[in-house]
Amino acid sequence: MGYQYDQDNIFAKILRKEIPCDTVCETKHSLAFKDINPASPIHILIIPKGAYINFDHFVKEASEEEIIDFNRTIAEVVQLEKLNPDLDGHGYRLIANTGLHGVQEVPHLHFHVLGGKALGPMVVR
Ligand code: 5GP
């Protein structure tokens, strides 16, 4: 069946600048911006600029340059927000909700960086 990317998803619209976002940082292949409905004091979304639905789609089809850029942009956000435990930050959680069971709302790959408070258990048991 393959990956059917929806060009009208909200993050595609953000990338086309049809709707605004609060940008944290931007590179050739990636964009980081604040979540509109933050679940913690720091809640930032990092997306690749390419049309990838989720993590497995991205890793299968993105170039090495895009994959490296995306990972480095996530690390850059962690650094910008001073969350790195090795630099005396209090740490963070990195989440990529995927598909039906992952409860993914927006069908464009995004990682959430959450921090700024103790986040509690990873999932509801
Ligand atoms: P998901 O459930 O797909 O992992 O998360 C989607 C996230 O996108 C949610 O945390 C939601 O608050 C955020 N979001 C949805 N629409 C917008 C928007 O228009 N702008 C921004 N900045 N975030 C959005």
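Scroll up a little and you will see the structure.
Residues numbered from 1 in each chain as written. Predicted model: local features only at pLDDT ≥ 70, side-chain atom pairs only at ≥ 80, totals over all residues. Heavy atoms only, no water.

Asks: Before we go on, may I ask you to explain the sheet that holds strand β2 (residues 30-34) in this structure?
Replies: What links the strands of a sheet is backbone hydrogen bonding, and the strands pair in either a parallel or an antiparallel sense. Ordered in space as β1-β2-β3-β5-β4, the five strands form an open sheet in which the pairing is antiparallel. Both outer strands of the open sheet, β1 (23-26) and β4 (93-95), are each paired with one neighbouring strand and no more. Here the strands of the sheet are splayed against their neighbours by 20° on average, with no regard to which way each runs. Relative to the sheet, helix α3 (residues 64-80) contacts β1, β2, β3 (42-48), β4 and β5 (111-115), its axis offset from that of β3 by approximately 165°. (Pairing = 2+ DSSP bridges. Helix = DSSP H or I, 4+ residues; strand = E, 2+ residues; numbered from the N terminus. Axes fitted to C-alpha atoms, helices over the stretch in contact; angles between N-to-C directions. Contact = heavy atoms within 4.5 Å.)

Asks: Help me understand the site of the ligand in this model?
Replies: The full set close to the ligand counts 16 residues, and D35, N97, E105, H110 and H112 are the nearest of them. Here D35 contributes a side-chain N or O atom positioned 2.5 Å from an oxygen atom of the ligand. Judged by the fraction of its atoms near the pocket grid, the ligand is located in the largest pocket. Those elements that place two or more of their residues in the shell around the ligand are α1 (10-15) and β2. (Near = heavy atom within 4 Å. Polar contact = N/O pair within 3.5 Å; in protein donor to acceptor, adjacent residues only side chain to side chain. 1 Å grid on protein atoms, 1.4 Å probe; cavity = no way out; pocket = protein on both sides within 12 Å on 5 of 7 lines; lining within 4 Å. Sits in = over half its atoms within 2 Å of the grid points.)

Asks: How should I be thinking about the layout of surface pockets in this particular structure?
Replies: The gaps of empty space that remain are located by a probe, the size of a water molecule, rolled over the atoms. In this structure, the largest pocket occupies an estimated 460 Å³ of space. In this structure, the largest pocket is lined by 20 residues; those nearest its centre are F11, D35, I36, N37 and L45. Elements that contribute at least two residues to the lining of the largest pocket include exactly α1 and β2. Per element, the largest residue contribution to the lining of the largest pocket is three residues, and it comes from α1. (Points joined across faces, edges and corners; volume = space filled by probe spheres on them.)

Asks: Before we go on, may I ask you to explain the pattern of salt bridges in this structure?
Replies: Think of it this way: side chains of opposite charge can pair up when their charged atoms draw near. Scanning the model with the defined rule gives four salt bridges in all. Between E26 and K49 there is a salt bridge, with the nearest N and O atoms lying 2.8 Å from each other. Within this pair, whereas E26 is found in strand β1, its partner K49 is found in the loop between β3 and α2 (55-61), the two being separated by 23 residues in sequence. Under the relative-accessibility criterion, E26 is labelled partly exposed at 45%. Residue K28 is joined to E65 by a salt bridge in which the shortest nitrogen-to-oxygen separation is 2.9 Å. Residue K28 is located in the loop between β1 and β2, and its partner E65 is located in helix α3; the two are separated by 37 residues in the primary sequence. For E65, a relative accessible area of 44% puts it in the partly exposed group. The structure contains a network of salt bridges with shared partners spanning D8, R16 and E18. (Salt bridge = Lys/Arg side-chain N within 4 Å of Asp/Glu carboxyl O. Buried < 20%, exposed > 50% of the residue type's maximum accessible area, 1.4 Å probe, protein only.)

Asks: Help me understand the environment of V113 in this model?
Replies: In this fold, V113 is placed in strand β5. Through-space distance from the C-alpha of V113 to that of L45 is 6.3 Å; in sequence the pair is 68 residues apart. Dropping the residues within four chain positions of it, V113 is found in contact with I42, H43, I44, I46, I74, V77, V78, L83, Y92, R93 and L94.

Asks: Whenever I open this one, the side chain of H43 confuses me. Can you help?
Replies: Here H43 shows up in strand β3. In terms of polar contacts, H43 uses its side chain to reach the backbone amide nitrogen of A39, at 2.9 Å. When residues no more than four places from it in sequence are discounted, the contact partners of H43 are K34, D35, N37, P38, H112, V113 and L114.

By themselves, these observations are geometric and do not establish any function.
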